[in-house]
Every structure is written in structure tokens, then in C-alpha cells.
Amino acid sequence: MNESIAAVILLIGGAFVVIGALGAVRMPDLMLRMHATTKAGILGGGLVAIAGGVFFNESEVMVRALAILAFVVLTGPVAAHMIARAGYFTGAPFWERTLKDDLRSNLDKAGGYLYSAQEQREGKGRPQQQAPRDDGE
Amino acid sequence: MIEWATIITLMLLTLALALTVVRLILGPSLADRVVALELISLIAVSFIITYAIQVGRAPFMDVALVLALTGFMATVGFARFLERGGHTDE
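Residues numbered from 1 in each chain as written. Chains lettered and ligands numbered in written order. Predicted model: local features only at pLDDT ≥ 70, side-chain atom pairs only at ≥ 80, totals over all residues. Heavy atoms only, no water.

Peer 1: How should I be thinking about the interface of chain A and chain B in this particular structure?
Peer 2: It is common to report an interface's size as the accessible area lost on association of the parts. Listed per partner, the contact involves 50 residues of chain A and 47 residues of chain B. Taken together, chain A and chain B are joined by two salt bridges. Elements supplying a minimum of two residues to the side of chain A that touches chain B: α1 (2-26), α2 (30-56) and α3 (59-89) of chain A. A total of 17 residues in the side of chain A that touches chain B trace back to one element, the largest contributor, which is α3(A). (Contact = heavy atoms within 4.5 Å. Salt bridge = Lys/Arg side-chain N within 4 Å of Asp/Glu carboxyl O. Helix = DSSP H or I, 4+ residues; strand = E, 2+ residues; numbered from the N terminus.)

Peer 1: I tried to follow the nonpolar core on my own but got confused; where do I start?
Peer 2: Soluble, globular proteins show a tendency: their nonpolar side chains are buried together. Ranked by size, the top nonpolar core spans 27 residues in total, and within it A:Phe56, A:Ile68, B:Ile49 and B:Ile53 carry the most contacts. Secondary-structure elements contributing two or more residues to this core are α1, α2 and α3 of chain A together with α1 (2-26), α2 (30-55) and α3 (60-83) of chain B. Ranked by residue count, the leading element in this core is α2(A), at seven residues. A:Met34, A:Ile83, A:Ala92 and B:Leu30 belong to the second-largest nonpolar core, a separate cluster that totals twelve residues. (Core = buried A, V, L, I, M, F, W, Y, C linked by side-chain atoms within 4.5 Å. Buried < 20%, exposed > 50% of the residue type's maximum accessible area, 1.4 Å probe, protein only.)

Peer 1: What is the right way to look at the confidence of the model for chain B in this model?
Peer 2: Any segment with low pLDDT has predicted coordinates that should not be analysed in fine detail. Residue and element names in this part refer to chain B. Scored by pLDDT, chain B comes out at a mean of 88, with 93% of its residues at no less than 70. Here α3 stands out as the least confident element of chain B, with mean pLDDT 88; α1 is the most confident, with 93. Per the prediction output, this complex has pTM 0.84; the corresponding ipTM is 0.89. (pLDDT = per-residue confidence, 0-100.)

Peer 1: Looking at this structure, I do not really get the pattern of salt bridges. What am I missing?
Peer 2: Where side chains of opposite charge bring their charged atoms close, a pairing between them can arise. Evaluation of the coordinates by the stated rule reveals two salt bridges over all chains. Note that B:Asp32 and A:Arg33 form a salt bridge whose closest N and O atoms lie 2.5 Å from each other. With B:Asp32 in helix α2 and A:Arg33 in helix α2, the pair connects residues from two separate chains. Each member of the pair B:Asp32 and A:Arg33 is classed as buried. The partner of A:Arg64 in a salt bridge is B:Asp62, and the shortest N-O contact between them spans 2.9 Å. Here B:Asp62 lies in helix α3 and A:Arg64 lies in helix α3, a pairing that spans two chains. According to the relative accessible area criterion, A:Arg64 is partly exposed, its value standing at 27%. A residue is classified by how much of its surface remains accessible, and B:Asp62, at 30% relative accessible area, is partly exposed.

Peer 1: Where do I start with the environment of B:Met61 in this structure?
Peer 2: Note that B:Met61 resides in helix α3. We classify B:Met61 as buried; its relative accessible area is 0%. Distance in space between the C-alpha atoms of B:Met61 and B:Ile49 is 6.0 Å, their sequence separation being twelve residues. Other than its neighbours up to four places away in sequence, B:Met61 contacts A:Ala49, A:Gly52, A:Gly53, A:Val61, A:Ala65, A:Ile68 and B:Ile49.

Okay, structure coming up:
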């Protein structure tokens, strides 16, 4: 019984990891790639870890599986945020059909600083610029 | 049933690893490559757990636990390096 449950969870987890890798290859820009890899990848890895814990059916192995799950789930969003922030600052190119990029006008790329909306109003930031593509809808 | 499940899962993970390596080689910016490296470390963790199930040895789970931690450290280090201004074009 345990083996069957572990097999099903393991297969679902492997499928999610493949979906994440597929998104990493097929998506057009950095943010969309991270959208695929972080969510699908973390879900797949977590399911594989739970399958390991269910298969061995011992409390100490289950604790380790839950620890792996907790580490992956807690550190994944932090790492994704840091990469996204670094990629945005270093000017990773966006997809040409990106509609909205409100942060671009607040970014002082040379200083590596993001001005808040209040600092913008007080004239500390750069002047407001158009979004990269703004053609009505 | 678990034998077939582990074999199929290892095949799926191999496919995922190949796809991710394609992104690691193609990736236009360094941030894309860091994303691919993060996914590769997660696939390696999944590989180790699947192998532990296949051979029926629980201690391999510890290896996966340590690797999960190390992958996070590598990603954070790369992100700090990018933000402090390294070579960003390649």
C-alpha cells in the first residue's frame, strides 16, 4: 500500500519537474522562465521528497523528507526574488510583448537603487518615462 | 510497481536535466543561467531521492538534504555577485 502511494506521488513529482524544465526552455524571457521553474520545480521536488518519506515508512526518514520539503519551500521564493531583482537591475531583456513595467521609471540603474513613489514625487528620481510598450490596450 | 515508477521517474528527470542544460548553454544573460543552475540542483536532489527509493537505502536522504541547502547558498551567492556588478553580459 505504501509502495503504491509512494509510486504515484513520485511519478507526479517527476512530471512536475519536467514541466518546469520545459518552461525554462520554452518561455521567452527571464521573468517568465522563473515563473515556470520556481513554482513547478519546487512543487515537483517537494512531491519527490514526500514520496521518499512515504516509501521508507519510518519516522526518522519522514522527518528528513519534511525537512527537505521545508528547505525547498522556504528557500525557493527567497532565491527566486534575489535572482529576479539582480536580473532586473542588470537589465535582462524583456519579452517584446510585455505590456506593463511600472518599476522601470523608478530604477536608477547606475546607482543600483529603486526610488519609491514618494521620492519620485519629490523629484529625487529620474523623470517619469513611458512604459516599454503602451498602445492603448 | 515502485520499481517501474522509479525507472520512469529517472527517465523523466533525465529529460528535465537535458532541457535545463539546453537553457544553461543558450541562456542570453547570466541571470538565465543562474535560474537554470538552481533548477539543476533541484533536479539533482530529486535524482538522489529517487535513487534512494530504487535501492531501498534511507541514508541517501541525508545527501539530498545537504544538497538542497548547498543549492540555495550557490543561488544567493550568484545573485549577490550579479547585483554588486560583475560581468553581466555573459
